[in-house]
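Okay, here's what each chain looks like letter by letter:
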Amino acid sequence: MQSSSEKSPLKPALGMLKSPSLAELGDLGESMHAMATKLYPLCRSITGEGLRETLRMIGERIPLEYTNIPSGTQAFDWTLPKEWTIREAWIKDPTGKKVIDFKDFNLHVVGYSTPIHTQLSLSDLRPHLHSIPDQPDWIPYRNSFYKEAWGFCLSQNHLDSLEEGQYEICIDSDLHDGHLSYAECFLPGSSSEEVLISTHVCHPSLANDNLSGIVVATELARHLASIDHRLSYRFLFIPSIIGSIAWLWKNENKLSNIHHGLTLALLGDSGFSNYKRSRRGNAAIDIAVEHVLKHSGQNYEIRDFAPWGYDERQYCSPGFNLPVGCFTRTPNGCFPEYHTSGDNLDFIKAEALADSLQKCMDVFKILEGNQSYVNTSPKGEPRLGHRVAYKGFTGKGGLARDDFSLLWVLNQSDGTKSLLDIAERAAYPFAAIRDAANALEACGLLKLKEEV
Amino acid sequence: MQSSSEKSPLKPALGMLKSPSLAELGDLGESMHAMATKLYPLCRSITGEGLRETLRMIGERIPLEYTNIPSGTQAFDWTLPKEWTIREAWIKDPTGKKVIDFKDFNLHVVGYSTPIHTQLSLSDLRPHLHSIPDQPDWIPYRNSFYKEAWGFCLSQNHLDSLEEGQYEICIDSDLHDGHLSYAECFLPGSSSEEVLISTHVCHPSLANDNLSGIVVATELARHLASIDHRLSYRFLFIPSIIGSIAWLWKNENKLSNIHHGLTLALLGDSGFSNYKRSRRGNAAIDIAVEHVLKHSGQNYEIRDFAPWGYDERQYCSPGFNLPVGCFTRTPNGCFPEYHTSGDNLDFIKAEALADSLQKCMDVFKILEGNQSYVNTSPKGEPRLGHRVAYKGFTGKGGLARDDFSLLWVLNQSDGTKSLLDIAERAAYPFAAIRDAANALEACGLLKLKEEV
Amino acid sequence: MQSSSEKSPLKPALGMLKSPSLAELGDLGESMHAMATKLYPLCRSITGEGLRETLRMIGERIPLEYTNIPSGTQAFDWTLPKEWTIREAWIKDPTGKKVIDFKDFNLHVVGYSTPIHTQLSLSDLRPHLHSIPDQPDWIPYRNSFYKEAWGFCLSQNHLDSLEEGQYEICIDSDLHDGHLSYAECFLPGSSSEEVLISTHVCHPSLANDNLSGIVVATELARHLASIDHRLSYRFLFIPSIIGSIAWLWKNENKLSNIHHGLTLALLGDSGFSNYKRSRRGNAAIDIAVEHVLKHSGQNYEIRDFAPWGYDERQYCSPGFNLPVGCFTRTPNGCFPEYHTSGDNLDFIKAEALADSLQKCMDVFKILEGNQSYVNTSPKGEPRLGHRVAYKGFTGKGGLARDDFSLLWVLNQSDGTKSLLDIAERAAYPFAAIRDAANALEACGLLKLKEEV
């Protein structure tokens, strides 16, 4: 039996985990978009100063713990990379005019470009210039993390306008031993069961991928930090792939606490919500997110797990197999602006960010409230009228849903089914089942399974 | 191994559980309708003389054991109610003319009305008058079992015709300590496995709900009493909710005998048959009823369990979880006449009653015959031609269904599958599979699983 | 851990089990049709010289072991039949002209006809004459294996042309103690796990049923005998029903070696491929054949097991329950030419034979390669770029299928899933998953489950 001090935070938390009002949501959406606007110009990569500055700005809004692991450290199968510093990068045309300048836009330089200062003819330069022929106005986003190389990105139209001749190329960068940096925000609840929320922070001026994930995760953490909650929440702000691998490596002994998890990304576009199931496929997080989307009244899509996407790939690798799904709007690679300059601040909408945030809160509400109960009067239906608000049968037709919810919870609470199982069985919103369970628990007809 | 004395009743019973002929069915339908006609005028409620008189009339046709439990007895979470006696109930209009009289029609008084004799203006009387505005010709059926109150029911047209003025109201009733009454008919078979058939007997002049259930259950019991059967059958005639709870409370130590069960109600309307699965969802009774309906050649509907309906709610409460489904035609609340004076003797049809009865008999035939066998010659197919009527392959096309049934039973009888499982697997009517098993058992190629 | 000598044959076999080229397939189809043409005139039955001559001709192409079991031997529920010899059989019309002669066409005599030499009027003869009224040009195929009888088969048109009068009937046959004969071709692999391929050899001049099965099985065995393979293959050429029962009876102690099996028949018609699942329904052979058909780009049909068809009925009897399915084109009884003279050499096509052969080879390739592996670097994704051909994420869109295959194999290889499971999960052709596993095994990221 849990002590009452452990139990007491549950009710306020459930009460406080209310959906924000429309007006509050509007404000939240604007404030998340404003935060994205501030983060947009920074040149993030999987290491380096832009990444650290981003983590510092997140830390202005929520309590963060920073971790820096030296380059060269071995983490499972990986060696942590050198740190990349980029100071300037430009190309001057034959007339000496700067035609591309990293200062103008940080997608112009290929991530992890090695330093160079030289002169090249346009034809020798061309292999180092990346564009998107069928999207001639947009500048692509390119990296070369694990193979030393240099290059520039520009629009196809821009490339086409370059004249033949001798160009001066300068990339003032270096790759040196430094650190891999990430940050986490841990919000302990009354239970040691953890919800892991992971979002990648390694992309330069791209708004949906993944400033949208960063600002929604930050706002979720800020919200949860202000209220009581039963579960513990751990938010990770990490560089993609290497960051989650490094975190898993450093925290392997704590992974058994993780009962649920989501990677968050691509949460600001106008498309509808999309959930990719965890490798397990039927974890509570999978059922909870699908429940929220099903009852949202909006279009949505559910996909089965595949070993591609964001850091759920690492959390769901066979050595860990954590119950972590991926929550996005339009998935990676499925919108034309993906990994181009078209993924800018106009592409993400305050309303979409707010809607994504609300759905995450709705999922958390389910995880918070999803407990298993035992009917304390399981032989026949107990009399309800004198105990709870139960209208019962008043003459014609069926029951009101609130009455039905009470009956469903009583009928199904044999200790083998969680409230989410019951909500799914009854095809009711989780909140209706949770409310019924609260009423029945209050009058003694229901007990938490662990208390029996 | 069963002794042959235990086994011998099986064959005659299976033989005798034949579908009635069309002419017999016609007679049965008429006789059930006639019994409903005799029961219709009685003022039944969850206790009292009308209920007991109903049980006595059922007892004229089948052997019944009567139980009376004192008011005030605690049965699980419930206290058995006081007994209600109603002698007269009327309203006189300002001219002294009786405008409503319980003697005319027993739905006119709200069930469990407390006594009153007073004068009231029409406007003070109105809160005690119940009608159905959108069905202006019908009188509703109302009760107040667990909250002391009084009232009258009348048609909306009748209500609209009442003039302003002072009315005299008289309800000569009382609520006193008495008994909760129910009756049961137990028909022992060669096996102690029981089939529970439960029908509620607490509604006044309503024909489909539930005289139809009463007369079909009575006729089923009369039929089974006249033939051999393997299983034991227990028919309960009980007031709804409180009756099944009281019975469960008194018989808790015998519940493990119940292997199958049905609540019967709403069996006389012109709609098609409807089965609501037990809470288990895949009990033999669930598969058997669905099998019968699927092979009936008629429309039908199968619904999953929900904790609402008739007494299956009590049998399927988590403390018992008995395999009891609910067999009806159009379900409760799904036809406009439900719980109104429109549910009268014209609303139920002799053919529908007969059809419902036949389907129940078909279900019993499956339960009787649904045993598990073991092929005694399981290595390769045994030679059939010299042992059973097996035409075999005669040149072209496939096999006759009778041959196929023999092969299916031999192939699947490894002790893990019942004959109903095999019928479902082969998509054949149960009778074809049962006949094949009989033939194979007769020639020694099949043995009852328990005999192996 | 397997020794490397046991393992080494795997790779060459997988390499050599390549699909034949189109030209090779064309040659194979023609050569199989030519073999069918040579076998067509022989008068096969479930015993006798025609059957043995057929086995001898198969033995000219592949190594065969012959078994002869004396008539009268008891095998499970069956007594092995007498041997039937037919020398001549004819009918002379009233003018003394032979109007039917077994020498012209062996379907003319009912199989296992007893000897007779007599004179009969046409009306007395008629009960012994079999025709197909609604297919007036075709001669039916009839037998009387287990009931002594004699008869002739002829076309309806032929029958209609016979004049009234006295006919002379001669059947010079005998039923004597001899042997039941069958042959098998065993091709041992590095593993003792066996694939059983069974085809019936007891039909006279019928091409699809089952010269098609005989020639495809023969050619498969010839092919496998020429290459390395991991699994052992056992090809049975047996008379239908009694042959498989006799084989099972003689080999009962070796059946545990059989891990997969197919009966082959009806492989030459122009219809599409059809697979009937084993009694288990989800054996590896069931999944493998369905995988091949699904990825063939052609129409196909999958049927659930039913205890009718070819010798899979015996292998799948409950006492054995071997994982043996049945691979055909249009199933038995589903084409009008079935068991008539219409099932002749024109009815089977070289292309269809070649296509059936190729699909069997594709199934064998899956069975050969379907092993379970364990990811040796299961914590997070291992780095791939420096180990295998892995393009990775190059900017836009998804991954190439080869990359995805590597990720699927790594993600799913936790020891509980075979490569075929993974191919099904990823919805990729098995070959892509097998190739990925080879690459990962070569660089040490994957180990056979048994080696871990």
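Before reading further, recall that the structure is shown in the block above.
If you're wondering where the values come from, they're calculated on a predicted model, not measured in any experiment.

Draft legend 1. View of the interface of chain C and chain A. Every contact between the two is made by 26 residues of chain C and, on the other side, 27 residues of chain A. Carbon and sulfur atoms make up 54% of the surface buried where chain C meets chain A, a total of about 2300 Å² over both sides. Inspection of the region where chain C meets chain A yields four salt bridges. For the salt bridge of Lys-379 of chain C with Glu-252 of chain A, the shortest nitrogen-to-oxygen distance reads 2.4 Å. Scanning the region where chain C abuts chain A turns up 13 residue pairs in polar contact (both at pLDDT 80 or more). Where the side of chain C that touches chain A is concerned, the elements lending two or more residues are α12 (401-412) and β18 (414-418) of chain C. Per-class residue counts for the side of chain C that touches chain A are nine nonpolar, nine polar and eight charged.

Draft legend 2. Layout of the sheet that holds strand β4 (residues 83-92) of chain B. All names here are of chain B. Reading across the sheet, the four strands line up as β5-β4-β9-β6 and stay open at both edges, with antiparallel pairing between neighbours. The open sheet has two edge strands with one neighbour each: β5 (98-101) and β6 (116-121). For this sheet, the mean inter-axis angle between neighbouring strands, taken without regard to orientation, is 20°.

Draft legend 3. The arrangement of the packing of helix α9 (residues 284-294) of chain B against helix α13 (residues 419-426) of chain B in detail. Residues and elements named next belong to chain B. At a minimum axis distance of 11 Å, the contact between α9 and α13 shows a crossing angle of 40°. Classified by the interaxial angle, the pair formed by α9 and α13 is oblique. In terms of crossing hand, the pair formed by α9 and α13 is left-handed. Contacts from Ala-284, Ile-287, Ala-288, His-291 and Lys-294 in α9 reach Leu-420, Ala-423 and Glu-424 in α13. Its residues placed into classes, the contact of α9 with α13 shows five nonpolar, one polar and two charged.

Draft legend 4. How the structure looks around the relation of the copies chain C and chain B. Its rotation angle being 120°, the transformation that places chain C on chain B also includes 0.1 Å of axial translation and leaves an RMSD of 0.1 Å. The superposition operator between the copies reduces to a three-fold rotation axis. Taking C-alpha positions as reference, the residue of chain C nearest the rotation axis is Asn-282 of chain C, located at 13 Å.

Draft legend 5. Highlighting the state of the cysteines. Residue and element names in this part refer to chain C. Applying the stated criterion across every chain, the model contains zero disulfides over all chains. The thiol of Cys-316 is unpaired, and the distance to the nearest cysteine sulfur, on Cys-326, comes to 9.7 Å. We classify Cys-316 as buried; its relative accessible area is 0%.

Scoring rules and cut-offs
Residues numbered from 1 in each chain as written. Chains lettered and ligands numbered in written order. Predicted model: local features only at pLDDT ≥ 70, side-chain atom pairs only at ≥ 80, totals over all residues. Heavy atoms only, no water. Contact = heavy atoms within 4.5 Å. Buried area = accessible area lost by both parts, 1.4 Å probe. Salt bridge = Lys/Arg side-chain N within 4 Å of Asp/Glu carboxyl O. Polar contact = N/O pair within 3.5 Å; in protein donor to acceptor, adjacent residues only side chain to side chain. Helix = DSSP H or I, 4+ residues; strand = E, 2+ residues; numbered from the N terminus. Nonpolar A, V, L, I, M, F, W, Y, C, P; charged D, E, K, R; others polar. Pairing = 2+ DSSP bridges. Axes fitted to C-alpha atoms, helices over the stretch in contact; angles between N-to-C directions. Parallel < 35°, antiparallel > 145°, perpendicular 65-115°, else oblique. Left-handed = near helix turned anticlockwise from the far one by under 90°. Least-squares fit on C-alpha atoms with pLDDT ≥ 70 in both. Disulfide = S-S within 2.5 Å. Buried < 20%, exposed > 50% of the residue type's maximum accessible area, 1.4 Å probe, protein only.

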